[in-house]
There are 2 protein chains.
Amino acid sequence: MIRKSPQTMTSRSPRSSARPQLSEKATAHIRGLIMSGELRPGTLVRPETIGEDLGISTTPAREALQALRVEGFLELVPRRGFVVAPLTGQDIRDLFQVQALIGGELAARAAANAGEQDVAELEALHHELIAAAARNDHDRLEEKNHAFHREINLMAGSRKIIWMLGLVTRYVPRQFYSSIPGWPQATVTDHEELLEGIRTGDPEKTRAAMVAHIIHSGELLAANFDERLAAPLPATDAEPAQERSGPAALDAASA
Amino acid sequence: MIRKSPQTMTSRSPRSSARPQLSEKATAHIRGLIMSGELRPGTLVRPETIGEDLGISTTPAREALQALRVEGFLELVPRRGFVVAPLTGQDIRDLFQVQALIGGELAARAAANAGEQDVAELEALHHELIAAAARNDHDRLEEKNHAFHREINLMAGSRKIIWMLGLVTRYVPRQFYSSIPGWPQATVTDHEELLEGIRTGDPEKTRAAMVAHIIHSGELLAANFDERLAAPLPATDAEPAQERSGPAALDAASA
DNA sequence: CAAGCGTATACCGGATACGAAATACGTACA
DNA sequence: TGTACGTATTTCGTATCCGGTATACGCTTG
């Protein structure tokens, strides 16, 4: 059971034309606006407006809005349009809790599946991460951290669980981490614990390590989020803040 | 630049004209086709085709395809179109694992938050479920089961976690359960264990009960899924099932 | 002056039509 | 037989139009 997860993910067929859809560009753009706080909850987002912003037509813009609605960033008010969904620091904490649960599951499976070669690859990445941390190279640090987690997730060998994790981590701007003081050191020690669990093939120990790692990171980000919410808004006009009663059409899925 | 919404909306509730979008209809339709096995993995799904099927134009059809891509039912091959994503019985099991983790978290929080009134309401629903089971009333059974779980999820008080659960349960056709022999009885006993945990305010006991409940249900459904995969395809229309090899563009999100 | 009502406007949801680019497929040629 | 080319099909994006509805504004009335 060394290498290659059960899924047949034929990696990288060159396919040349790496042309991302315009709708994906628009999706990332609006998502960034929401996560950065430029678009606040309750704001109405119009297709033509964002089309003008990016110099595209309304068709891909509407597709982007639809995608963001599925992701939970926007809500659709039937004859009004798309409004930015509420997003609080507590929401961020909750999402990190979910991320921890899913990431923990993946880590546990990775530990169960890990072969010698996997461990070696992870350790190589880990050492590169340490080197980047020592040089204070934020970009490379972020890159290696991403690669480290990605490798673990792939080792778990479950397409759909990785997919769900991706839906959660859309709420987590990666570039944020590197700006947290003390984060590199904490990450190094956390990753060493993860490595220990994987090396010894101990799923539950690895799961616990991953959960702690994610929750810890999440608390830092959520605190920053709260701080930003407390900050005054750009102050265009004397806006009555319109804390409108959110329609919040929860469907509360069942089992 | 993006305009702010007209903040004149004077706090009047939108009355919810209850008009479902055409794109949502299309989304549900295609999702049903995929889950029922009529659309097999690798099949190319064209906007015009589904537009003709439902008597709608390509505009809402394309929005539906975009939504299904976010949900993971479809993959987008850049200049080719949308193809049905691979979906195996193991995928279903994995998704139930995720559902168990998230549902367990919600149940644990519900137990922590539960007040007397909440418990009373849950017990009322539970008794109605028992009554429906005794009458062999499948529709009402399904309805009460849904309401029971919904109530627990709402008690947890986390918008975003419920949202994530909804993304997972899109892969679980609710109407399936009631057709499983012996499921009503198993559900009643499982729910009683859940109630016990909530009544005593024991989060971890409740979490464990919910995890067991979901995993148990999932195994039944996944077995059915495997069975169907082994079966030959309906062979109704010509439709030569364009078995293009799915590229499976995993992005493997990180933390 | 305040409250109710009717009209005007804005905009969503959807339908088409059209064009450019790229891929797939069939055919002709060496 | 293998390769190159040309055509057909399709995706992706743009532009435009229309019906229906919710909101905003202004007028009338008590």
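Scroll up a little and you will see the structure.
Bear in mind the structure is a predicted one, so any value in this text is a computation, not a measurement.

1. Focus on the overall build of chain A
1) Next: A tally of regular secondary structure across chain A gives nine helices and three strands.
2) Next: Going from the N terminus to the C terminus, chain A shows its helices and strands as α-β-α-α-β-β-α-α-α-α-α-α.
3) Next: Looking at chain A residue by residue over its 255 residues, the buried ones come to 52%.
4) Next: Restricting to contacts in chain A with at least 6 residues of sequence separation, those with at least 24 account for 77%.
5) Next: Surface accessibility of chain A: about 11800 Å² in total, with carbon and sulfur atoms responsible for 54%.

2. Topic: the protein's contact with DNA strand C
1) Next: For DNA strand C, the set of nearby residues contains 21 residues, the closest of which are A:P78, A:R79, A:R80, B:L22 and B:S57.
2) Next: In DNA strand C, the atoms that sit within 4 Å of the protein are 74% sugar and phosphate, with bases accounting for the remainder.
3) Next: The side chain of A:E48 places a nitrogen or oxygen atom 3.4 Å from a phosphate oxygen of DNA strand C.
4) Next: If one sorts the elements of the surface near DNA strand C by residue count, helix α3 (residues 58–71) of chain B sits on top with three residues.
5) Next: For the surface near DNA strand C, the per-class residue count stands at five nonpolar, six polar and 10 charged.

3. Some remarks on the sheet that holds strand β1 (residues 44–45) of chain A
Residue and element names in this part refer to chain A.
1) Next: Ordered in space as β1-β3-β2, the three strands form an open sheet in which the pairing is antiparallel. Of all the strands in the sheet, just β1 and β2 (74–77) have a single pairing partner and so form its edges.
2) Next: The pairing of β1 with strand β3 (residues 81–84) spans two bridges and is antiparallel. Within β3, the residue paired with V45 across the bridge is F82.

4. Points about the sheet that holds strand β3 (residues 81–84) of chain B
Within a sheet, adjacent strands bond to each other through the backbone by hydrogen bonds, running parallel or antiparallel.
Residue and element names in this part refer to chain B.
1) Next: Sheet architecture is open: three strands sit in the order β1-β3-β2, paired in antiparallel fashion. The open sheet has two free edges, formed respectively by β1 (44–45) and β2 (74–77), since each of these has just one partner strand.
2) Next: As defined by bridge partners, β2 adjoins β3 across four bridges and the pair is classed as antiparallel. Residue pairing across strands places L76 opposite F82, the latter belonging to β3.

Reading the values: the criteria
- In this numbering scheme, every chain counts its residues from 1 along its sequence in written order.
- Note on labels: chains are lettered from A, ligands numbered from 1, in written order.
- It should be noted that, the model being predicted, local features are given only for residues of pLDDT at least 70 and side-chain atom pairs only at 80 or more, the latter also being counted only at that level, while totals for whole chains, interfaces and linings use all residues.
- Only hydrogens and water are removed before side-chain values are computed, so all heavy atoms of the structure are retained for them.
- Helix and strand labels come from DSSP, where a helix needs a run of H or I of at least four residues and a strand needs a run of E of at least two; each type is numbered from the N terminus.
- Remark: exposure states derive from per-residue accessible area (1.4 Å probe, protein chains only) relative to the maximum for the residue type, with buried under 20%, exposed over 50%, and partly exposed in between.
- A contact between two residues is defined here by any heavy atoms of the two lying within 4.5 Å.
- With residues, only the protein chains shown are counted as cover, and all accessible areas are computed by Shrake-Rupley using a 1.4 Å probe.
- Being near a molecule or strand, for a residue, means having at least one of its heavy atoms within 4 Å of it.
- Polar contact criterion, stated in full: a pair of N or O atoms within 3.5 Å, where within protein one must be able to donate a hydrogen and the other to accept it, and residues adjacent in sequence count only if both atoms are side-chain atoms.
- Polar here means any residue other than Ala, Val, Leu, Ile, Met, Phe, Trp, Tyr, Cys and Pro, which are nonpolar, and Asp, Glu, Lys and Arg, which are charged; Gly is therefore polar.
- Whether two strands pair depends on DSSP finding at least two bridges between them.

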